[in-house]
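Descriptive analysis of the structure
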Amino acid sequence: MSTLPGFALIVLLLTASSAAADSLVLKKDVELKGSAVAGKEGPLFLAADRIESTAPNVIEASGRVEARQAGQNFFADWLLYDATLNEVQARGQVRLEQPALLVTGDSLRLNLNDYNGELTQPVYQFTAQPGRGDAERIDFIDENRFQLQDATYTTCPVDNDDWFLKMRDLDIDKTRNVGTARNASLHFLGVPILYTPWMDFALNDVRKTGVLAPTLGTTERSGLDILVPYYLNLAPNYDATLYPRLLSKRGVQLGGEFRYLLGEARGENRLEYLPNDREADRSRWSVALNNAYRLNANTQTGMLFNRVSDDDYFRDLSNLISITSVSHLNREAWVTTQHANWHAELRAQSFQTLQDSTATDPILEPYARLPHARLGMTQTFGNGLEFKLDSEATRFAHPTLIEGTRVLAYPTLRLPLTNSFGFLTPQIGWHSSSYALDDSAPEQRITRNLPIFSLDSGVTFDRPFRFAGHDYEQTLEPRAYYVFAPYRDQAAIPVFDTALLDFSYAQMFTENQFIGGDRINDANQLTLAVTSRFIEADSGLERLQVTLGQRYYFSAQQVTLPGVAPRTSNATDLLAAVSGQITRDWRIDTAWQFDTQNGTTIRQNLGASYRPGPGRALNFGYRFIDQTTEQIDLSGQWPLGKRWYGMFRYNYSFQDEKLVEGLAGLEYNGGCWAVRAVFQRLATKEEQSTDALFFQLELNGMGRLGANPLDVLKQSVPGYRTSNEILQTP
């Protein structure tokens, strides 16, 4: 409605006014060029079946009246212009055409000096975007302010009033770009569903202080859930949102978020507080602070602080599996600097560990790093020789385990040799570590030094071929990777931050099978792998990739983590992977890890997706990890009928014999509105799950009402798109 003041209708009409009081000067058609450039100060061109001067300084036109000025067109059955008062009157099929607005009405009176007047029975329609409405009358106060009486607004097409906003009074102020409505009610399918005695809104894209659309839902653990956000536009570069939330089973939660972007500083900070939770019989809260500051072009500093009042805070109060499954909350402060040949950082970090009260085994709290310093250097010499240094010093702290300080340095030299068909890269390095442990450790001072040598090589063969009428290119890419590192006894070194990497294609081509600095494996091993790709010659699209690889040991590895037996076989598991966009609609991603010694499958991932078009997505997944995980994951979105869409997810764990996440939803698009309902069951603990119901009404161009399931749907159903996005896609 921001363009409604363009009813300034006939500012248009006759700025060429009093000078033409006694005579009417007609312009030739060729002289119309440039009138749009002249704007409202330019001439008005008038055409009608009859034009006459009925009195001194009065011009009257009747019968198919057309007035044109500066790109605006005005039509009526009858028009009268009084040059003395500089006022125009019109009646009978009054019609105004502007580039973005079309308005019709019964009668018009407008003073061209102060733009004061009225238009009765106006009906308006935006032409650049959806939106239309009507009113009993429009009162023009001045050029930038006017009032509508008994006005309506909707984005539905003409002759469709499925929803509309009805207002007793609507004030438009273009000087402040603000619209103010009084006694406003929202009607949907003929039923008033929302009422407010007062509301204001921005007439442009500038953010504005005010109440945002409320959300409403229900969950098994919290009951009815109503959230009413209030947005505070404090300044162009910082704002805040207050979001009180009513949980019928628990009480009223108060929340607030503050965001800022001040020069080189930026941040996003959120606080939540639920006093006297009736279900938990205690007050509950959460803090999330994220702030950063750029000291100069190379150096930044910042802090991240997350904490909640209790272990079950997210499980009780959230419905996103990515949040309810969080086990560790990070807290850290840091300074980093990045330069052409070196980088450094200083960091202090600790965690809050959220335990599962129904789990058999407690979750181990990670070590705090108080502090952690890193220095890295790189240098390339003229002959292509590359030098690299990774070094760090860390103080590890823990409430119950051995504490200590670790200092390590790993300088390396590598010489990449490449040509058009392959590469050969030898590398040699020296890994040096020193530990100073507390008095509870068996040894307080430990050092570890060892050389590491690796040789990476690969070649690429390719050939063109034709299949099913299409030209393709097939590659064959064998790769060999050798690593040697002597054995060093590391049993006395505590495990501060080290774990065994998941065995994967990428891990096969790493020097160390451990992540972290507390274990460096001994190695005398060769990795052999081959990859073949099938690529469309015209588009470059990779249709299929097939990979097969295995690592061979020339001597048994002896370095392990506590409680893990050394490897006795002379070869790793066999890895195979197949992936690609095999057709326009089908994509597959599969991986298989096979124990050649025992003849058993260790890990298996099978994935496929079918997406023939917008709103049509089916996802199939199967995940198996020996003795720990076996899950099936099915999800999708599919049209069920005209404008009807169904969504689902079924994620079941055979190992735990329980549903990890189940979801079922329906969505209907009414053209200018959409409604979606989603039911979700989510496992929040080892022996516990929660149910949630989402119901949302989306009014195009107006906003969304109800509980928001979109985050849940986009995370749980890959390929999900709203019905509005689907219908707008060619």
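Below is a summary of the structure that appears in this document. (Residues numbered from 1 in each chain as written. Predicted model: local features only at pLDDT ≥ 70, side-chain atom pairs only at ≥ 80, totals over all residues. Heavy atoms only, no water.)

**Some thoughts on the overall build of the chain**
Secondary structure assignment for the chain yields five helices and 48 strands. What you see for the chain is a C-alpha radius of gyration of 36 Å, clearly larger than the 27 Å of a compact globule of 730 residues, by over 25%. Projecting the C-alpha coordinates of the chain onto the three principal axes gives extents of approximately 115 × 70 × 55 Å. Expressed as a percentage of the 730 residues in the chain, the buried residues total 42%. Put simply, 45% of the contacts in the chain that link residues at least 6 apart link residues at least 24 apart. Total accessible area computed for the chain in this model is approximately 37000 Å², and 55% of it derives from carbon and sulfur atoms. Between the mean site of the 68 positive side-chain charges and the mean site of the 86 negative ones, the chain shows a separation of 1 Å. (Helix = DSSP H or I, 4+ residues; strand = E, 2+ residues; numbered from the N terminus. Rg over C-alpha atoms; globule rule 2.2 N^0.38 Å. Buried < 20%, exposed > 50% of the residue type's maximum accessible area, 1.4 Å probe, protein only. Contact = heavy atoms within 4.5 Å. Areas by Shrake-Rupley, 256 points an atom, 1.4 Å probe, with all protein chains shown as cover. Lys, Arg positive; Asp, Glu negative; His and termini not counted. Charge placed at Lys NZ, Arg CZ, Asp CG, Glu CD.)

**Points about the pattern of salt bridges**
Should the charged atoms of two oppositely charged side chains come close, the side chains can pair. Here the structure, examined in full by the defined rule, presents 41 salt bridges. For Glu 403, the salt bridge goes to Arg 395, with nearest N and O atoms at 3.8 Å. Overall, Glu 403 belongs to the partly exposed group, its relative accessible area being 21%. Notably, a salt bridge pairs Glu 698 with Arg 704, separated by 3.3 Å at the nearest N-O pair. The exposure class assigned to Arg 704 is partly exposed, which follows from its relative accessible area of 37%. Ionic contacts of the salt-bridge type, sharing partners, join the residues Arg 221, Arg 250, Asp 277, Arg 282, Arg 284, Asp 310 and Asp 316 into one network. (Salt bridge = Lys/Arg side-chain N within 4 Å of Asp/Glu carboxyl O.)

**Regarding the environment of Ser 432**
By secondary structure assignment, the location of Ser 432 is in strand β31 (residues 422-437). With 41 residues separating them in the primary sequence, Ser 432 and Ser 391 have C-alpha atoms 9.4 Å apart. Residues within four places of Ser 432 in sequence aside, it is in contact with Val 407, Leu 408, Ala 409, Arg 448 and Asn 449. In terms of polar contacts, Ser 432 uses its side chain to reach the side chain of Asn 449, at 2.6 Å. (Polar contact = N/O pair within 3.5 Å; in protein donor to acceptor, adjacent residues only side chain to side chain.)

**Observations regarding the side chain of Ser 286**
Positionally, Ser 286 belongs in strand β23 (residues 282-294). Beyond its immediate sequence surroundings of up to four residues, Ser 286 is in contact with Arg 270, Leu 271, Glu 272, Arg 307, Val 308 and Tyr 313.

**Overview of the nonpolar core**
Phe 74, Leu 108, Leu 148, Trp 163, Met 167 and Trp 673 are the most contacted members of the largest nonpolar core, which has 44 residues in total. With 13 residues, the next largest nonpolar core counts Tyr 481, Phe 503, Ile 520 and Leu 575 among its residues. (Core = buried A, V, L, I, M, F, W, Y, C linked by side-chain atoms within 4.5 Å.)

**Comments concerning the pairing of strand β39 (residues 574-580)**
The pairing of strand β38 (residues 542-553) with β39 spans five bridges and is antiparallel. Bridge pairing in β39 places Val 546 opposite Val 578. Pairing analysis gives seven bridges linking β39 to strand β40 (residues 586-595), with the strands arranged antiparallel. When the bridges of β40 are listed, Gly 580 appears paired with Ile 588. Between the antiparallel neighbours β39 and β40 lie five residues. (Pairing = 2+ DSSP bridges.)

**Focus: a nonpolar patch on the surface**
Nonpolar side chains collect at one region of the surface, where Phe 381, Leu 413, Leu 417, Leu 424, Ile 428, Phe 453, Leu 455 and Phe 484 lie side by side and expose about 650 Å² of accessible area between them. Looking at the nonpolar patch, the elements that each hand over two or more residues are β31 and β32 (445-459). With respect to the secondary-structure elements, Phe 484 resides in strand β34 (residues 470-485). (Patch = residues over 30% accessible without salt bridge, like charges linked within 9 Å, V, L, I, M, F, W, Y side chains within 5 Å.)

**A word on unusual backbone geometry**
Here the amide bond leading from Leu 370 into Pro 371 is cis, since omega sits at -5°, within 30 degrees of zero. Tracing the sequence through the fold places Pro 371 in strand β27 (residues 368-380). The phi dihedral of Asn 57 falls on the positive side, at around 65°, and the residue is not glycine. With respect to the secondary-structure elements, Asn 57 resides in the loop between β2 (50-55) and β3 (58-69). On the accessibility criterion, Asn 57 (23% relative accessible area) is partly exposed. Within the chain, Asn 183 stands out as a residue other than glycine whose phi angle is a positive 50°. Tracing the backbone through its elements, the reader meets Asn 183 in strand β13 (residues 178-188). Judged by its relative accessible area of 26%, Asn 183 is partly exposed.

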